[in-house]
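Letter by letter, the chains look like this.
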Amino acid sequence: VDLAFAATLLALVGYIGVTARGFSPLASVFPIFIAGLVGIFAVCLAVLALLRRLPPLPASDGSNLRRLALLGTLALWVALIPTIGFIASSIIGFVGVAIVAKYEAWSRRAWAGNILVAAIFVVLLALLFTQVLNVPLSKGSVFGG
Amino acid sequence: LDILSSLLHALTPLNIALAIGGIVLGTVVGALPGLTATMAVAVLTPLTFTMEPDSAMIALSAIYTGAIYGGCYSAILINTPGTPSAIATTFDGYPMAKRGDGDLALTLANLASVFGGLVGAIGLLLLAPPLARVALAFGPVEYFWLAMLGLTLVAGLSQGSLIKGLIGCGLGLLISMVGTAIVGGDARYTYGSPLVLGGVNVVVALIGLFCVPVLIDLVATPEMHLKVSSEVRGYRLREAIEIISRRKWNLVRSSVIGTGVGILPAAGGAIASLIAYGAARRASRNPDNFGKGEPDGIMASESANNATVGGGFIPTLTLGIPGTPADAIILGALLVHGVRTGPNLFTDQSSIVYTFMFGLILATVLMLPIGLLLGRYAYKSIIAVPKTVLAPAIALLTILGTYAIHNSIGEVWLMLALGALGWLLTRVGVPTAPIVLGVVLGPIAEQGFVQAWLIGNATGNLLGMFFGRPISLVIIAAALIVLVAPALSRGVTARRPVS
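Attention here is on the structure that accompanies the text.

## Topic: the overall build of chain A
Phase 1: Scanning chain A from N- to C-terminus turns up five helices and zero strands.
Phase 2: Starting at the N terminus and walking to the C terminus, you meet the elements of chain A as α-α-α-α-α.
Phase 3: Computed over C-alpha atoms, the radius of gyration of chain A comes to 24 Å, more than 25% over the 15 Å expected from 2.2 N^0.38 for 145 residues, which places it beyond the range of a compact globule.
Phase 4: Seen through its C-alpha atoms, chain A measures out along the principal axes to roughly 60 × 45 × 25 Å.

## Observations concerning the overall build of chain B
Phase 1: If you tally the helices and strands in chain B, you get 21 helices and two strands.
Phase 2: Taken over the C-alpha trace, chain B has a radius of gyration of 22 Å; the compact-globule value for 499 residues is 23 Å, and the two agree within 12%.
Phase 3: For chain B, the spread of C-alpha atoms along the three principal axes comes to 70 × 65 × 60 Å.
Phase 4: Within the span of chain B, comprising 499 residues, buried residues form 64% of the whole.
Phase 5: Restricting to contacts in chain B with at least 6 residues of sequence separation, those with at least 24 account for 79%.
Phase 6: Looking at chain B as shown, the accessible area adds up to about 17,900 Å², and 68% of this sits on carbon and sulfur atoms.
Phase 7: Here chain B contributes 26 positive and 21 negative side-chain charges, whose respective centroids are spaced 11 Å apart.

## Notes on the layout of surface pockets
All names here are of chain B.
Phase 1: One number sums up the size of the largest pocket: a volume of about 1,400 Å³.
Phase 2: Together, 39 residues line the largest pocket, and Asn-79, Tyr-94, Asp-217, Thr-426 and Arg-427 are the ones closest to its centre.
Phase 3: Looking at the lining of the largest pocket, the elements that each hand over two or more residues are helix H5 (87-98), helix H9 (202-220), helix H18 (409-427) and helix H19 (432-459).
Phase 4: Residue contributions to the lining of the largest pocket peak at six residues, all from H9.

## With respect to the interface of chain B and chain A
Phase 1: Facing the 63 residues of chain B at the interface are 67 residues of chain A.
Phase 2: Between chain B and chain A, the buried area comes to about 5,500 Å², and carbon and sulfur atoms account for 83% of it.
Phase 3: Here chain B is connected to chain A by two salt bridges.
Phase 4: Residues B:Asp217 and A:Arg67 are paired through a salt bridge, measuring 2.9 Å at the closest nitrogen-oxygen approach.

## Regarding empty space enclosed by the protein
All names here are of chain B.
Phase 1: A full pass over the atoms with the stated rule returns four cavities of 30 Å³ or more.
Phase 2: If you add up the space inside the largest cavity, you get close to 70 Å³.
Phase 3: Along the walls of the largest cavity sit twelve residues, with Asp-103, Leu-106, Thr-107, Gly-375 and Arg-376 positioned nearest its centre.
Phase 4: Looking at the lining of the largest cavity, the elements with two or more residues in it are helix H6 (102-136) and helix H16 (350-384).
Phase 5: For the lining of the largest cavity, the element with the most residues is H16, which contributes five residues.

## Some points on the pattern of salt bridges
Residues and elements named next belong to chain B.
Phase 1: Within the structure shown, the criterion is met by ten salt bridges over all chains.
Phase 2: The salt bridge involving Asp-101 is made with Arg-99; its shortest N-O contact spans 3.1 Å.
Phase 3: In this structure, Arg-247 engages Asp-296 in a salt bridge whose closest nitrogen and oxygen atoms are separated by 3.9 Å. In this pair, Arg-247 is assigned in the loop between helix H10 (237-246) and helix H11 (248-263) and Asp-296 in helix H13 (residues 295-318), connecting sequence segments 49 residues apart.
Phase 4: Looking at Arg-247, the relative accessible area reads 22%, which means it is partly exposed.
Phase 5: Salt bridges here are not isolated pairs; linked through shared partners, they connect Arg-99, Asp-101, Asp-103, Arg-236 and Glu-239.

Parameters at a glance
Residues numbered from 1 in each chain as written. Chains lettered and ligands numbered in written order. Predicted model: local features only at pLDDT ≥ 70, side-chain atom pairs only at ≥ 80, totals over all residues. Heavy atoms only, no water. Helix = DSSP H or I, 4+ residues; strand = E, 2+ residues; numbered from the N terminus. Rg over C-alpha atoms; globule rule 2.2 N^0.38 Å. Buried < 20%, exposed > 50% of the residue type's maximum accessible area, 1.4 Å probe, protein only. Contact = heavy atoms within 4.5 Å. Areas by Shrake-Rupley, 256 points an atom, 1.4 Å probe, with all protein chains shown as cover. Lys, Arg positive; Asp, Glu negative; His and termini not counted. Charge placed at Lys NZ, Arg CZ, Asp CG, Glu CD. 1 Å grid on protein atoms, 1.4 Å probe; cavity = no way out; pocket = protein on both sides within 12 Å on 5 of 7 lines; lining within 4 Å. Points joined across faces, edges and corners; volume = space filled by probe spheres on them. Buried area = accessible area lost by both parts, 1.4 Å probe. Salt bridge = Lys/Arg side-chain N within 4 Å of Asp/Glu carboxyl O.

So yeah, pure geometry; function would need other evidence.
Structure (structure tokens):
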């Protein structure tokens, strides 16, 4: 893994080195300098990996399926905001993330409670942001016209 | 006599009420990921335009102090610094909360913040004009090396391999280069998208890289987010005072570091807290405990970042150079109220200035009871809330906090992408703190580097420009010590015979 990471970094450094030449001298000097440093670090990483002098990688526990489901739910949540607006998409997204995070079966009452909590939390935060902090939240193309 | 009347003026019921309100509002805003101290000050500044100048200044400084302190809540309880100043607080705060000592960590953070804030405010009161001259001695190359020192510190202090910490810093600096070049004006790595033309926003990166990986791992296992103790332990104030009284030099040293770094424009609480954290670890008898829930780490970080508030006002008031974006907004508010900052401020408008300084001290003292109360409430809420509410609530704050920066859905997508990238990087052992600090310090480092490079080329002495100035050499030496000391200390330990 460490060798593959070092190789990816070297590829990134090469890309930055090549593209930075297209910028003006003032805009390219810092990217080239930092890319050079990252390149040196990547070579050091590869050497340390070959010599087996790196600490072990952090252990991965838990469900990767849930991790992917969370990212998918967050993406869907954000994608829905321009269409159905912030409040509706956030209530759906809130309940969606709760489903990804739940490990016990929910009764009908628990479902209702969770949807209610989502609605209260979302509406209160929406009020705080729109009324107190003057942040205009999207009403969506469906509800906002 | 003038100073005494300013003190009495700061203690009017209205000013005390404004300080309390400012601390509460600032702490709540600072605790929410995405809402920074700058945003708190910016949003609430217009409310102060109708007030008397000294009352307005007291309210604004209370909001600012509270917001810097509030950043520790989310740093300790959900491993997400509310503001960049609290990055170093996550190193030991979150491990303490995970093992069931979140209440103690919050109380320690409160006491350290109050102490640091008081040292910074007293520094402002007593030493403002002479200390301001220190800031003027810093040129572009010193700022470049200071940014490099901050990055080597975070790389050396993060858990795991030093080389991966340095890679994290490099990646953060590369992310900071996206957008219009700070010197030169070229559009770099924007691929024609106006979204990143102004660069990757620091708060977008902060939320994405810290919050999203926490969320991803939060839903992956059924275990509770934080360990909950069965006994009722209250604020654990006595325990916290005992810990602090045993380590008072850490508190004093960190607060002095915070005040000193705060004076340097743009350096800010993030660098101050990391330098103080590094110094605390080097001075500690148990350096190996740092990063695993060591109270000294929280005390160093929190006292230093709150001390930068008073320190940051020194160049703002005496030179008219704001130390941080929040200082810049307060400087604007001062001008609206007819207060002209500069060397003559202390003679021409001393009454307002001293009332403001006493107001800052008052706000910092009030942070003690208010912070303890709010901290207790935040801790009880976080440990009582089930994961099915906590995870979506954090997700909602993450999305809303990012959207609120520029009302941009594009930045929310960027935050999610950075979050997924941050999680992948943590899997290969690259910690997130150096990446975020790279994004925070990238513009300062680039500006200093390019300006020094230009001056060096123009004078035909490029090496002398970077390596020939006394302050630069001191900073470079400090950075080298950070990089080399752990390896040397390991070598000494390895050679020492086992008794």
